Amino acid sequence: MRALESILTEKGLINPAALDVLIETYETRIGPRNGARVVARAWSDPAYLDRLRQDATAAIAELGFGGRQGEDMIVVENTPDTHNLVVCTLCSCYPWPVLGLPPVWYKSAPYRSKAVIDPRGVLADFGVSLPAATRIRVWDSTAELRYLVLPMRPAGTEGWSEDRLAGLVTRDSMIGTGLPLAPEKAPA
Ligand code: FE
């Protein structure tokens, strides 16, 4: 993407500032909002959660999300005992249909190595601290398999609509480097 950007910029074909806005939009807004719909549905509908566990690709497609880089999806569920963290140690495999473009740090060598060697340290870097008893499982994405973390539904959200719940689901909570927002931090 960046190599292409510099060629196009050199040729005067694009405005880098406009491209940055576009990339930012896909990294943090459009893409991850799809994943947030999936998570909010799973939190709200036990039958959907079952389908997601059995065949995540098909369950995600029910909501209209699919295609390149999302052909073989697996959903990994956080519980009080287990927290899941997703990395691609080889390159930057990432589930585009539900999360959009990967953030820059996801592709960085330090994240890719530290996630495997010291996942708890990675979480600390992101400001996340979990109980010592919580096990951290690291999932290495490949060209074949892409993972989506299903975070735990925040307490205090009983009776919330799917729309409202989706507002709590951050991109990082679906990679495992973050947690969902607390109910009082919900976007207006
Ligand atoms: Fe990769």
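Residues numbered from 1 in each chain as written. Predicted model: local features only at pLDDT ≥ 70, side-chain atom pairs only at ≥ 80, totals over all residues. Heavy atoms only, no water.

Right, let's get into the overall build of the protein. Of regular secondary structure, the protein possesses nine helices and four strands. Along its sequence from the N terminus, the protein presents helices and strands in the succession α-α-α-α-β-β-α-α-α-β-β-α-α. In summary, the protein has a C-alpha radius of gyration of 17 Å against a globular reference of 16 Å for 188 residues, a match within 12%. Overall, the protein is about 55 × 35 × 35 Å in size when its C-alpha atoms are taken along their principal axes. Each of the 188 residues in the protein was classed as buried or not, and the buried ones make up 41%. In the protein, the proportion of contacts linking residues at least 24 apart, taken out of those at least 6 apart, comes to 66%. As presented, the protein carries roughly 9800 Å² of accessible surface, and 57% of it is formed by carbon and sulfur atoms. If you average the places of the 20 positive and of the 22 negative side-chain charges in the protein, the two averages end up 2 Å apart. (Helix = DSSP H or I, 4+ residues; strand = E, 2+ residues; numbered from the N terminus. Rg over C-alpha atoms; globule rule 2.2 N^0.38 Å. Buried < 20%, exposed > 50% of the residue type's maximum accessible area, 1.4 Å probe, protein only. Contact = heavy atoms within 4.5 Å. Areas by Shrake-Rupley, 256 points an atom, 1.4 Å probe, with all protein chains shown as cover. Lys, Arg positive; Asp, Glu negative; His and termini not counted. Charge placed at Lys NZ, Arg CZ, Asp CG, Glu CD.)

By size, the foremost hydrophobic cluster in this structure holds 44 residues, and its most contacted members are Val38, Leu52, Ile60, Tyr111 and Leu148. For this core, the element with the highest residue contribution is helix 2 (residues 16-44), accounting for six residues. (Core = buried A, V, L, I, M, F, W, Y, C linked by side-chain atoms within 4.5 Å.)

The protein atoms that coordinate the iron ion are Cys88 (SG), Cys91 (SG), Cys93 (N) and Cys93 (SG), at distances of 2.1 to 2.5 Å. Geometry at the iron ion is irregular, judged from its four donor atoms and the angles of 80 to 133° they form at the metal. If you list the donors of the iron ion from N- to C-terminus, the spacing comes out as C-x2-C-x1-C. Looking at Cys91, the relative accessible area reads 37%, which means it is partly exposed. (Donors = N, O, S within 2.8 Å, 3.2 Å for Na, K, Ca; no water. Tetrahedral: all angles 85-135°; square planar, octahedral: opposite > 155°, others 65-115°.)

This paragraph deals with the domain arrangement of the protein. Often the size quoted for an interface is simply the accessible area lost on bringing the parts together. Its domain assignment divides the protein into domain 1 (1-30) and domain 2 (31-185). Spacing between the C-alpha centres of domain 1 and domain 2 amounts to 26 Å. On the side of domain 2, 11 residues touch domain 1, which itself brings seven residues to the contact. Between domain 1 and domain 2 lies a buried interface of about 630 Å² when both sides are counted; carbon and sulfur atoms form 50% of it. Inspection of the region where domain 1 meets domain 2 yields zero salt bridges. Between the two partners, domain 1 and domain 2, sit zero residue pairs in polar contact (both at pLDDT 80 or more). (Domains from an automatic or database assignment. Buried area = accessible area lost by both parts, 1.4 Å probe. Salt bridge = Lys/Arg side-chain N within 4 Å of Asp/Glu carboxyl O. Polar contact = N/O pair within 3.5 Å; in protein donor to acceptor, adjacent residues only side chain to side chain.)

Quantified by volume, the second largest pocket comes out at close to 220 Å³. Looking at the second largest pocket, it is lined by 17 residues, and the ones nearest its centre are His83, Leu130, Met152, Leu179 and Pro180. Across the lining of the second largest pocket, the residue classes break down as 11 nonpolar, five polar and one charged. (1 Å grid on protein atoms, 1.4 Å probe; cavity = no way out; pocket = protein on both sides within 12 Å on 5 of 7 lines; lining within 4 Å. Points joined across faces, edges and corners; volume = space filled by probe spheres on them. Nonpolar A, V, L, I, M, F, W, Y, C, P; charged D, E, K, R; others polar.)

Per the counting criterion, the structure on display carries seven salt bridges. For Glu162, the salt bridge is made with Arg41, and the minimal N-O distance between the two is 2.9 Å. One end of the pair, Glu162, is in helix 8 (residues 162-166); the other, Arg41, is in helix 2, and 121 residues separate them in sequence. Between Arg51 and Glu62 there is a salt bridge, with its nearest N and O atoms 2.6 Å apart.

Glancing now at the packing of aromatic side chains. How two aromatic rings sit relative to each other is set out by the distance from centre to centre and by the angle between their planes. Going through the model one piece at a time under the given rule, you end up with seven aromatic pairs. Ring centres of Trp105 and Tyr111 lie 5.0 Å apart, and the angle between their planes is 70°; on these two criteria the pair is classed as edge-to-face. Taken together, a centroid distance of 6.5 Å and an interplanar angle of 80° make the contact between Tyr111 and Phe126 edge-to-face. In this pair, Tyr111 sits in helix 6 (residues 109-117) while Phe126 sits in the loop between helix 7 (119-125) and strand 3 (135-140), placing the two residues 15 residues apart along the sequence. (Phe/Tyr/Trp six-rings, centres within 6.5 Å; stacked < 30°, edge-to-face > 60°.)

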